[in-house]
Each structure stands twice: as structure tokens, then as C-alpha cells.
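Below are the chains, spelled out letter by letter.
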Amino acid sequence: MNHQMTIGEFIRLCIKNKHWFVISVTACIMLAVAYLVITPPKYTRQAQILVRDEGSMGGLMGQLGGLAELGGIIGFGSSNVYNELYALQSPWLLLNVVNQMHLDMNYTIKGIRNKDLYGEQLPITVTFKQITEEDDVRMKLDLNKNGDFKIYKLKKNDDKYKDELTGHVNSTVKSSIGDIEVKATPYLSKMKDDEVTITITRTEPMAVVDRLKKRTLTMAVGSRDASIIDIKCKDVSKQRATDIINAIITEYRKETNDDKDAQTAVSERYVLERLASLETELKTLDGRVADYKSKTLMPDLEVMAKVYAESAKDISTAHMELSNQLYVVQAIRDYLRDESKKDELLPALLITEKSGLQEEVARYNELLLQRNRLIASSSKESPLVKEFDNQLSAMHDAVLASANNAIKQIQMQLKSVLAKENEGKQLIASAPKKAIGGLTDERDWKVLNEVYVFLLQKREEAQMAKAMKTDVRMITPPLGVKKQTSPVKSTVLLGAFLLGLFIPACTIFARERNKR
């Protein structure tokens, strides 16, 4: 009759077969020690940055007397720390960091524990002249302390080559995959060994970006109550981990300020062009108004103008506001129709009213900036760039349609305002026709003058935006303890010890259960 094995029986069986546990624990610990010996240690560096947002500019905006509220200053929108977190992790930003630091190139000395060469440990740098962005290359290089080298075991993607090339540093050798340039670094003369064998690997940059995001970098918002982002980098090289964090922050600053400079520049250029045109129109109207006043009775004209202005104050205000809006939207439409400016940013500065058109223009500019940055990192023939071009074309048509619709709506509103204005004119129909004629020129002059003042404000705001750049403040530079953070020796050894106990215990339990 079968009966269940008690805990006491199980313990006695384990004691009886204690030599199994000794052998198992010894074997597991030996394997753990071997793992710790052959696995390169990794070190963690951590930095903290404070994203400057609209709160940090509040005091300055107050000193400016509320100028930021007159249509909105470029670059002073609400800054969401989570948006900046995504920007720091964006593939194109990390791709620029990879290209700047040449992280696609890896230099390793094989041994019981592989050693990555970086910084002061790297005696040479290698450049493959004829490879593409998607190519993976691998080769071995024997390097003598005197600068002589030998290249062999060359592999490109899945193709292997039997080349055996020799040369001296600071020269270029020809191979089956194209020219290979080998340059010496200042640390070549400091090599401890007379000869070393270096395994050189070149990886597709986007694959390196993917590895950075998944294995190397960790970014997170430190607190919901503060605009602080924690950046951690884990690497076998302490110096490389530090350099990667610093490069990411530098590139973020550069891209953020470049974006704002680009949008500010296109708006400022357009404002200056329109100011020059308006100055000419105002001079013409100034002469006409002056000539008219000299031919009419000033007291009568002024009295009638005052009566008209008091009876139609709201109408005049509405007329000027609608005229400003119409002027801005027509300018955007004309800008969109101009084929020579197809690849340029739209002058978003001019749009001051919160509307769907403003949001569409902002999205269009943002997508165009992303496309231009991608072209700088690759080429116009890249599939990703073509996808951006298709999106931009569709958005261009959508923005143009929105602008046309907005123009129609504003024109209808202007028509209604003008109808009410004509009703007001009938109230003073008894005034001399010459007074009414003079008011037409004065009204046109006032409208143009308002537009002129509006553009002057925009010009000053653009100048302020140049000086006040969005930035991040590094609260804590990349720091870390000198001890390795992985693998954790105590954790690995403890796990091996427990596994060594678990294996024979399970074996004994399974064997005895099958017997019963």
C-alpha cells in the first residue's frame, strides 16, 4: 500500500545521500565562479537633469510686463517633462550620439575575460571607407607596439573573405570590402604588451541605438512634483558610460535650441519683409491723408470722425481684429503656395489665435524638423525620409485647405462687420461727402498701422527668443561607485549554492515518489 513520504523521511534520505549535495553544491559554485571569471564586469553611472520649464521663466516674464501674452512668445509654451523624456530617448537623438562617439565600432581583446578597449586603453582606430549604414563588419587585427599590423579573418554581413593585409598605422590598405584606414592614437606607445590581437566589430548604427535603449540606458522621471529626469548608463567601461550620458545631454541641448532657432529665423525673416512693405504703404497713405486734411475743414472733419468713432467703437474694434486675422491667414496661405519655400518651416509666429490652423502648422513644422534631422543623419533616399515626405505632402495640403477655409470664414465675418459699419455711416449721412471720403483713408491708415505695430512686437519677441533658449540644468553629473554593479558576486554565488541544494533534493524526491 502506497503512503505519502513524510518530511522526516525526506530529511533522513537527504542526510543519507549528503555526498550528492556536496558534489552538486561544489559543481554549481564552480560554474558560478567560472561565470564570474569570464563575464566582464559592468559599471553604472547615473546623472540627474532639471528640465527648465515655464515655471522657471515666470519671474522674468513678470518683469517683461506681460509681453509674452501679446500673441505668445516663440519658445515659451508649456514644457512637459514627460515630453522631454521621450525626446531624450528619441532614436534620431541617440543615432547622432552613436555617430559622434563612433559607438558602432567595438574593439575587443579576447581572453578568459574579454576586454573592451575604449578611451585611454584604445591604441588605434579603424575606419571602413566603402561600407553602407546597414553593413556589419568583423575582423581580427594583430598590432605590434612599433605600429605594424596584420588584418585577417575579414567578414562583411554573411560573407567571409580570405584577405591577409599588412601595413603600418596611419595608412590605408585595400581589401575585398573596400579601403580600411588604421590610425594610431596617443595611447599606442603606452601599450604594455609588445603585440596584441584585437577583434574589431562594426555594427549597424540603428542596431546600436536599439541596444542602447534596451540594455544600456535607463531614463525615468524622478518625481511627479519636480521636472527632474534620472539617466542611468550601464557599461563595461566606466568612462564610456560617463561619455554617453554627457553626449546625450549635449545633443539634446543642441537639437532643442536648433529647432527653436529655425522656427524663430523663418518667422523673423518674414516679419522683416512685411515691415518693409508696410512702411511703403503707410508712407503713401500718410501723404494722401495729409493732402486731404489740407483741403478740408479740420474742425468739421474731426467732429464727424469723433461722432462716428463713438457710435461704432465695437464695430471698428471687430473690423481691425478680423483684418489682422485675415492678413495672417492669407500670409500663411501665400507661403504654402510658394513652391520655392516648400521645404521651409511655416511662419508659426504670426498665428496668435488658438485655432485648428495653429495646431496644424505646429505639427507640420515639427514633422519637417524631424525629417531634416533624419536627412542630416542619412540621406534623402532613405525609406524613412520618403515616408516623412509623404506625410509632409499630405499635411501641406491639409494646412492649405484649413487656411482657405479660415479665409472664407473671416471674409464672411468681415462682410457682416462692414454691413454694420455702413449702417453707422448712414447715421451721419448729413456729413459732407468729403468728410466720409477722408475717413476711408484714415481707416485704412489705422488698420495698416495696427498691423505694423503688431509686426514690430513680433520682431522684438523673436529677438528675445534668440537670447532665452530652452535648456537643461545638470543637477548631478554622471557619478557612480567604483565597484561593479553587475554581475553581483554575492547574488550569483548564493543562487549557485541554492541551486546546488535544489537539484539533488528534487532528484531524491522524484526517485522515492516513483518507488511508492
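Thresholds, definitions, all that
- Residues numbered from 1 in each chain as written.
- Predicted model: local features only at pLDDT ≥ 70, side-chain atom pairs only at ≥ 80, totals over all residues.
- Heavy atoms only, no water.
- Helix = DSSP H or I, 4+ residues; strand = E, 2+ residues; numbered from the N terminus.
- Buried < 20%, exposed > 50% of the residue type's maximum accessible area, 1.4 Å probe, protein only.
- Contact = heavy atoms within 4.5 Å.
- Areas by Shrake-Rupley, 256 points an atom, 1.4 Å probe, with all protein chains shown as cover.
- Axes fitted to C-alpha atoms, helices over the stretch in contact; angles between N-to-C directions.
- Left-handed = near helix turned anticlockwise from the far one by under 90°.
- Nonpolar A, V, L, I, M, F, W, Y, C, P; charged D, E, K, R; others polar.
- Pairing = 2+ DSSP bridges.
- Disulfide = S-S within 2.5 Å.
- Patch = residues over 30% accessible without salt bridge, like charges linked within 9 Å, V, L, I, M, F, W, Y side chains within 5 Å.
- Salt bridge = Lys/Arg side-chain N within 4 Å of Asp/Glu carboxyl O.
- Lys, Arg positive; Asp, Glu negative; His and termini not counted.
- Charge placed at Lys NZ, Arg CZ, Asp CG, Glu CD.
- Parallel < 35°, antiparallel > 145°, perpendicular 65-115°, else oblique.
- Polar contact = N/O pair within 3.5 Å; in protein donor to acceptor, adjacent residues only side chain to side chain.
- Phe/Tyr/Trp six-rings, centres within 6.5 Å; stacked < 30°, edge-to-face > 60°.
- Lys NZ or Arg CZ within 6 Å of the ring centre and 35° of its normal.
- Expected span 1.5 Å × (residues − 1).

### Observations regarding the overall build of the protein
Okay, so step 1: Looking only at helices and strands, the protein features 13 helices and 14 strands.
Okay, so step 2: When each of the 516 residues of the protein is scored for burial, the buried share is 39%.
Okay, so step 3: Considering only contacts within the protein whose residues lie at least 6 apart along the sequence, 75% involve residues at least 24 apart.
Okay, so step 4: Carbon and sulfur atoms make up 54% of the accessible area of the protein, which totals about 29500 Å².

### Structural notes on the packing of helix α2 (residues 18-38) against helix α13 (residues 489-515)
Each pair of packed helices can be summarised by the angle the axes make with each other and by the distance between the axes.
Okay, so step 1: α13 packs onto α2 with a crossing angle of 150° between their chain directions and a minimal axis gap of 8 Å. Note that α2 runs across α13; the crossing there is right-handed.
Okay, so step 2: When the residues that make up the contact of α2 with α13 are grouped by side-chain class, the tally is 19 nonpolar, 3 polar and 2 charged.

### Section: the pairing of strand β11 (residues 195-202)
Okay, so step 1: Along β11, 6 of the 8 residues are buried, which leaves the element largely enclosed by surrounding structure.
Okay, so step 2: Relative to β11, strand β2 (residues 105-109) is paired through 5 bridges, and the arrangement is antiparallel. From the neighbouring strand, Asn-106 faces β11, where its bridge partner is Thr-201.
Okay, so step 3: Here strand β5 (residues 137-144) pairs with β11 via 8 bridges, running antiparallel. If you follow Asp-142 over to β11, its bridge partner there is Thr-197.

### Side note on the state of the cysteines
Okay, so step 1: Scanning all chains against the criterion turns up 0 disulfides.
Okay, so step 2: For the unlinked cysteine Cys-506, the closest cysteine sulfur is that of Cys-14, found at 9.9 Å.
Okay, so step 3: With a relative accessible area of 33%, Cys-506 lands in the partly exposed category.

### Some details on a positive patch on the surface
Okay, so step 1: On the surface, Lys-42, Arg-211, Arg-215 and Lys-234 cluster together into a positively charged patch.
Okay, so step 2: Note that Lys-234 resides in strand β13 (residues 226-235).

### Concerning the packing of helix α5 (residues 91-101) against helix α6 (residues 205-216)
Okay, so step 1: It is at 9 Å that the axes of α5 and α6 come closest, and there the two elements cross at 110°. Taken together, α5 and α6 sit at an angle that is classed as roughly perpendicular. The hand of the α5/α6 crossing is right-handed. Listed contacts from α6 to Pro-91, Leu-94, Leu-95, Val-98 and Asn-99 of α5 are Pro-205, Met-206, Val-208, Val-209, Leu-212 and Lys-213.
Okay, so step 2: Partitioning the contact of α5 with α6 into residue classes produces 9 nonpolar, 1 polar and 1 charged.

### What about the sheet that holds strand β9 (residues 171-175)?
Okay, so step 1: In spatial order, the strands read β4-β10-β9; together these 3 strands make up an open sheet with antiparallel pairing. Single-partner strands in this sheet number two, and they are β4 (124-128) and β9. Across this sheet, the average inter-strand angle for adjacent strands is 25°, counted without regard to direction.
Okay, so step 2: Pairing of β4 with strand β10 (residues 178-184), which is carried by 5 bridges, proceeds in the antiparallel orientation. Opposite Val-126, over in β10, you have Val-182 as the bridge partner.

### Digging into the side chain of Thr-199
Okay, so step 1: Note on placement: Thr-199 falls in strand β11.
Okay, so step 2: In this structure the side chain of Thr-199 is engaged in a polar contact, spanning 3.1 Å, whose partner is the side chain of Lys-140.
Okay, so step 3: Not counting the four nearest positions on each side in its chain, Thr-199 is found in contact with Asn-106, Tyr-107, Thr-108, Lys-110, Arg-138, Met-139 and Lys-140.

### Digging into the packing of aromatic side chains
Okay, so step 1: All chains considered together, the criterion is met by 0 aromatic pairs.
Okay, so step 2: Taking NZ or CZ as reference, Lys-150 lies 5.6 Å from the ring centre of Tyr-152, over its face.
Okay, so step 3: One residue, Lys-238, lies across the ring of Tyr-43, its end atom 4.7 Å from the ring centre.

### With respect to the pattern of salt bridges
Okay, so step 1: On inspection of all chains with the given rule, the structure shows 11 salt bridges.
Okay, so step 2: For Asp-116, the salt bridge identified is with Arg-240, shortest N-O distance 3.3 Å. Pair noted here: Asp-116 is in strand β3 (residues 115-117) and Arg-240 is in helix α7 (residues 238-295), with a separation of 124 residues, a long-range link.
Okay, so step 3: Residue Glu-255 is joined to Arg-373 by a salt bridge in which the shortest nitrogen-to-oxygen separation is 3.5 Å. Residue Glu-255 is found in helix α7, and its partner Arg-373 is found in helix α10 (residues 356-377); the two are separated by 118 residues along the sequence.

### Focus: helix α9 (residues 313-337)
Okay, so step 1: Compared with the 36 Å implied by 1.5 Å per residue over 25 residues, the 36 Å span of α9 between its first and last C-alpha is a close match.
Okay, so step 2: Restricting attention to buried positions, one finds in α9 the residues His-319, Leu-322, Ser-323, Leu-326, Tyr-327, Val-328, Val-329, Ala-331, Ile-332, Arg-333, Tyr-335 and Leu-336.

### Observations regarding the environment of Leu-85
Okay, so step 1: Examined against the element boundaries, Leu-85 turns out to sit in helix α4 (residues 81-88).
Okay, so step 2: The residues contacting Leu-85, other than those within four sequence positions of it, are Met-219, Ala-220, Val-221 and Ile-229.

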